[in-house]
Amino acid sequence: MGIGIVISNTSGVPIYEQIKQQLKDAILSGALSEDDALPSIRGLARDLKVSVITTTRAYSDLVTEGFVTNVPGKGYYVLPRNSELVREQILREVEDHLERAIDRARIADLSRAELHDALDYLIDNAGATS
């Protein structure tokens, strides 16, 4: 598999969630395509130096969320992605991030205009190199 999973022990995010999110991002971005095989649960656990329980939880969540399927005796494979479903999934994630940003903005007592300015700035400068 061509994607590298990077685990952070200091991020405060559970390891299984980090694995799940990085695999989901790879699927949503197209780095992993329909019918691509995921690494075996044991192999990934060994490579990342985490427990099999951790990788099993990440894969189980991906199955539940409809990103992969388990083919008994063969492993886990990426399911076909309906472009509208992918768009909805990404929109839901964007909304979650924006809700957290708004909560933080309220704590800092930022005005609506300041929040809009910050969003406009980020949109205009996304991907810009410094």
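Rules and cut-offs
- Residues numbered from 1 in each chain as written.
- Predicted model: local features only at pLDDT ≥ 70, side-chain atom pairs only at ≥ 80, totals over all residues.
- Heavy atoms only, no water.
- Helix = DSSP H or I, 4+ residues; strand = E, 2+ residues; numbered from the N terminus.
- Expected span 1.5 Å × (residues − 1).
- Buried < 20%, exposed > 50% of the residue type's maximum accessible area, 1.4 Å probe, protein only.
- Salt bridge = Lys/Arg side-chain N within 4 Å of Asp/Glu carboxyl O.
- Arc of directions from axis to C-beta.
- Contact = heavy atoms within 4.5 Å.
- Phe/Tyr/Trp six-rings, centres within 6.5 Å; stacked < 30°, edge-to-face > 60°.
- Lys NZ or Arg CZ within 6 Å of the ring centre and 35° of its normal.
- Core = buried A, V, L, I, M, F, W, Y, C linked by side-chain atoms within 4.5 Å.
- 1 Å grid on protein atoms, 1.4 Å probe; cavity = no way out; pocket = protein on both sides within 12 Å on 5 of 7 lines; lining within 4 Å.
- Points joined across faces, edges and corners; volume = space filled by probe spheres on them.
- Nonpolar A, V, L, I, M, F, W, Y, C, P; charged D, E, K, R; others polar.

Looking at helix H1 (residues 15-29)
No. 1: End to end, H1 covers 21 Å across 15 residues, agreeing with the expected 21 Å (1.5 Å per residue, within 8%).
No. 2: Along H1, the residues that are buried comprise Tyr 16, Gln 18, Ile 19, Lys 20, Leu 23, Lys 24, Ala 26, Ile 27 and Leu 28.
No. 3: Once H1 ends, the next one or two residues include Gly 30, with phi positive near 95°.

Examining the pattern of salt bridges
No. 1: Evaluation of the coordinates by the stated rule reveals 8 salt bridges.
No. 2: Of the charged contacts, one joins Asp 61 and Arg 57 as a salt bridge, the two residues approaching to 3.7 Å between their closest N and O atoms. With Asp 61 and Arg 57 both in helix H3 (residues 52-64) and 4 residues apart, the pair spans about one turn of that helix.
No. 3: A relative accessible area of 17% places Asp 61 in the buried class.

Describing H3
No. 1: With 13 residues, H3 should cover 18 Å at 1.5 Å per step; its first-to-last C-alpha distance of 18 Å lies within 8% of that length.
No. 2: Residues Thr 54, Thr 55, Ala 58, Tyr 59, Asp 61 and Leu 62 constitute the buried set of H3. Projected down its long axis, H3 shows its buried positions confined to an angular sector of 155°, all on one face. The exposed set on the far side of H3, more than 90 degrees from its buried face, consists of Ile 53 and Thr 64.
No. 3: In this structure, the buried side of H3 is in contact with H1, helix H2 (41-48), strand E1 (68-71) and strand E2 (75-78).
No. 4: One or two positions beyond H3, positive phi appears at Gly 66, with a value near 85°.

A few points about the packing of aromatic side chains
No. 1: Across all of its chains, the model carries 1 aromatic pair by this definition.
No. 2: Ring geometry for Tyr 59 and Tyr 76: centres 4.9 Å apart, planes at 75°, overall edge-to-face. Of the two residues, Tyr 59 sits in helix H3 while Tyr 76 sits in strand E2, which places them 17 residues apart along the sequence.
No. 3: Its guanidinium or amino end placed over the ring of Tyr 16, Arg 57 lies 3.9 Å from that ring's centre, counting from NZ or CZ.

A few points about the nonpolar core
No. 1: The biggest cluster of nonpolar side chains holds 23 residues, and the ones touching the most others in it are Ile 5, Ile 19, Leu 23, Leu 32, Leu 38, Tyr 59 and Val 68.
No. 2: Among the secondary structure elements, those contributing two or more residues to this core are H1, H2, H3 and E2.
No. 3: With 6 residues, the single largest contributor to this core is H1.

Things to note about unusual backbone geometry
No. 1: The backbone phi angle of Asp 35 is positive, close to 75°, even though this residue is not glycine.
No. 2: Tracing the backbone through its elements, the reader meets Asp 35 in the loop between H1 and H2.

Thoughts on the layout of surface pockets
No. 1: Its volume calculated, the largest pocket comes out at about 360 Å³.
No. 2: Lining of the largest pocket is provided by Leu 98, Ala 101, Ile 102, Ala 105, Arg 106, Leu 110, Arg 112, Leu 115, His 116, Ala 118, Leu 119 and Leu 122.
No. 3: Here the lining of the largest pocket gets 6 residues from one element, more than from any other, and that element is helix H5 (residues 112-125).
No. 4: Broken down by class, the residue content of the lining of the largest pocket amounts to 9 nonpolar, 1 polar and 2 charged.

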